[in-house]
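Now for the letters of each chain:
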Amino acid sequence: PKIKMSVVNSLKAHGNVVAVTGDGINDAPALNSADVGIAMGITGTDVSKQASDIVLLDDSFSTIVRAIKWGRGIYQNIQRCIRFQLTVNVSSIIVVLASIFAGLPAPFSALEFLWINLIMDGPPAITLGLEPISNDLMKNKPTPRNASIVTKPMMFSIGLSGIYIALIIMLQTFTNFLGGTPAQMHTILFTLFVVFQLFNALNSRALTNSSAFKGILKNKPMIVVFFLTFLLQVV
């Protein structure tokens, strides 16, 4: 037990996240000290089960690997939702501030802002949480315990997307490159912003430099929600 404890403590001292598997009474101290203690459900003693965080019902190491894969997938899906929602917020703030500084009226009404908010927190964001787990996820290096869930590339992407969306909205406001009449301008700006956010949801699927459309057919709810939300926007 002492040797196992010293191994666990040494690994943790070097900044590693430690998981320990065990089935006997002598494994209990190491199971309790580890970040994640995993006891065997079939061959494990009651002491080892009580000292652990997880009881492995089938005593199969491959189940642990699958659990780690799912954990990484869920973590990435949370990052996708955060990226999508922050981009909507950042672009909204920039558009409103740019309109105020330009001496223009508010770009969206209160009801329209509620609709944008519904899109941000509603179905498109939920479908990002349903993104299937990629097969090459286990090739990535483990995430450090002190890592922020909002990475620097995510922050850069959020800021760049927000500025780009606001820039196009302001260009339409001042140049009317879509060729609408003055009576249509408000609707054009509102719909343009909403469509940007729908494509922003697609962009948020890609956390790396890979294509946003890679494996899109595997997430059928997102395709349905994309077209349904656009249809509701038209209505």
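Thresholds applied
Residues numbered from 1 in each chain as written. Predicted model: local features only at pLDDT ≥ 70, side-chain atom pairs only at ≥ 80, totals over all residues. Heavy atoms only, no water. Axes fitted to C-alpha atoms, helices over the stretch in contact; angles between N-to-C directions. Helix = DSSP H or I, 4+ residues; strand = E, 2+ residues; numbered from the N terminus. Parallel < 35°, antiparallel > 145°, perpendicular 65-115°, else oblique. Left-handed = near helix turned anticlockwise from the far one by under 90°. Contact = heavy atoms within 4.5 Å. Nonpolar A, V, L, I, M, F, W, Y, C, P; charged D, E, K, R; others polar. Salt bridge = Lys/Arg side-chain N within 4 Å of Asp/Glu carboxyl O. Buried < 20%, exposed > 50% of the residue type's maximum accessible area, 1.4 Å probe, protein only. 1 Å grid on protein atoms, 1.4 Å probe; cavity = no way out; pocket = protein on both sides within 12 Å on 5 of 7 lines; lining within 4 Å. Points joined across faces, edges and corners; volume = space filled by probe spheres on them. Pairing = 2+ DSSP bridges. Expected span 1.5 Å × (residues − 1). Polar contact = N/O pair within 3.5 Å; in protein donor to acceptor, adjacent residues only side chain to side chain. Core = buried A, V, L, I, M, F, W, Y, C linked by side-chain atoms within 4.5 Å.

## A look at the packing of helix H4 (residues 61-101) against helix H7 (residues 152-175)
Alright, step 1. At a minimum axis separation of 8 Å, H4 and H7 run at an interaxial angle of 40°. Judged by the angle between their axes, H4 and H7 are oblique. H4 and H7 meet at a crossing whose hand is right-handed. Counting all contacts with H4, which are made through Gln 79, Ile 82, Arg 83, Leu 86, Thr 87, Val 90, Ser 91, Ile 94, Val 95, Ala 98 and Ser 99, the residues of H7 involved are Met 154, Ser 157, Ile 158, Ser 161, Gly 162, Ile 163, Ile 165, Ala 166, Ile 169 and Met 170.
Alright, step 2. Here the residues of the contact of H4 with H7 sort into 13 nonpolar, seven polar and one charged.

## Comments concerning the pattern of salt bridges
Alright, step 1. By the definition in use, this model includes two salt bridges.
Alright, step 2. Among the ionic pairs, Asp 27 bridges to Lys 4, the shortest N-O distance being 2.2 Å. One end of the pair, Asp 27, is in the loop between strand E1 (19-22) and helix H2 (28-33); the other, Lys 4, is in helix H1 (residues 2-13), with 23 residues separating them in the sequence.
Alright, step 3. Arg 205 is the salt-bridge partner of Glu 131, the closest N and O atoms lying 2.6 Å from each other. Taken together, the residues span a long stretch of sequence, with Glu 131 in the loop between helix H6 (123-128) and H7 and Arg 205 in the loop between helix H8 (185-203) and helix H9 (220-234) at a distance of 74 residues.
Alright, step 4. Given a relative accessible area of 7%, Glu 131 falls into the buried group.
Alright, step 5. The exposure class assigned to Arg 205 is buried, which follows from its relative accessible area of 7%.

## Some words on empty space enclosed by the protein
Alright, step 1. Evaluation of the coordinates by the stated rule reveals one cavity of 30 Å³ or more.
Alright, step 2. Its volume calculated, the largest cavity comes out at about 50 Å³.
Alright, step 3. Every residue lining the largest cavity is listed: Pro 124, Thr 127, Leu 198, Ala 201, Leu 202, Met 222, Val 225 and Phe 226.
Alright, step 4. Elements represented by at least two residues in the lining of the largest cavity include exactly H6, H8 and H9.
Alright, step 5. Of the residues assigned to the lining of the largest cavity, the class counts are seven nonpolar, one polar and no charged.

## Quick notes on the sheet that holds strand E3 (residues 54-56)
Alright, step 1. In space, the three strands of this open sheet follow the order E1-E2-E3, with parallel pairing throughout. Each end of this open sheet is capped by a strand with a single partner; those strands are E1 and E3. For this sheet, the mean inter-axis angle between neighbouring strands, taken without regard to orientation, is 25°.
Alright, step 2. Sheet topology places strand E2 (residues 36-40) next to E3; three bridges connect them, and they run parallel.

## Examining H4
Alright, step 1. The end-to-end C-alpha distance of H4, which contains 41 residues, comes to 60 Å, matching closely the 60 Å that a straight helix rising 1.5 Å per residue would cover.
Alright, step 2. Positive phi shows up at Gly 103, right after H4, with a value of about 75°.

## Focus: the environment of Asp 59
Alright, step 1. Here Asp 59 is to be found in the loop between E3 and H4.
Alright, step 2. For Asp 59, a relative accessible area of 22% gives the class partly exposed.
Alright, step 3. Here the alpha-carbon distance between Asp 59 and Gly 44, two residues 15 residues apart in the chain, equals 8.8 Å.
Alright, step 4. Those residues in contact with Asp 59 that sit more than four places away from it in its chain are Met 40, Gly 41, Ile 42 and Thr 43.
Alright, step 5. In terms of polar contacts, Asp 59 uses its side chain to reach the backbone amide nitrogen of Ile 42, at 3.0 Å.
Alright, step 6. Only 3.1 Å separates the side chain of Asp 59 from the backbone nitrogen of Thr 43, close enough to count as a polar contact.

## Considering the nonpolar core
Alright, step 1. Counting residues in each nonpolar core, the largest one holds 28 residues, and the members touching the most others are Ile 116, Ile 169 and Phe 193.
Alright, step 2. Secondary-structure elements contributing two or more residues to this core are H4, helix H5 (110-121), H6, H7, H8 and H9.
Alright, step 3. Setting aside its immediate chain neighbours within four residues, Ile 116 contacts Val 88, Ser 92, Phe 108, Phe 190, Phe 193 and Val 194.
Alright, step 4. By size, the runner-up hydrophobic cluster in this structure holds eight residues, among which are Val 8, Val 20, Ala 34 and Ala 51.

## Looking at the packing of H4 against H8
Alright, step 1. Packing of H4 against H8 leaves a shortest axis separation of 9 Å and a crossing angle of 150°. Regarding the angle of H4 to H8, the classification is roughly antiparallel. H4 and H8 meet at a crossing whose hand is right-handed. Here Arg 83, Phe 84, Thr 87, Val 88, Ser 91, Ser 92 and Val 95 of H4 come into contact with H8, specifically with Phe 193, Gln 197, Asn 200, Ala 201 and Asn 203.
Alright, step 2. Here the contact of H4 with H8 is composed, by residue class, of five nonpolar, six polar and one charged.

Structural measurements only, silent on function.
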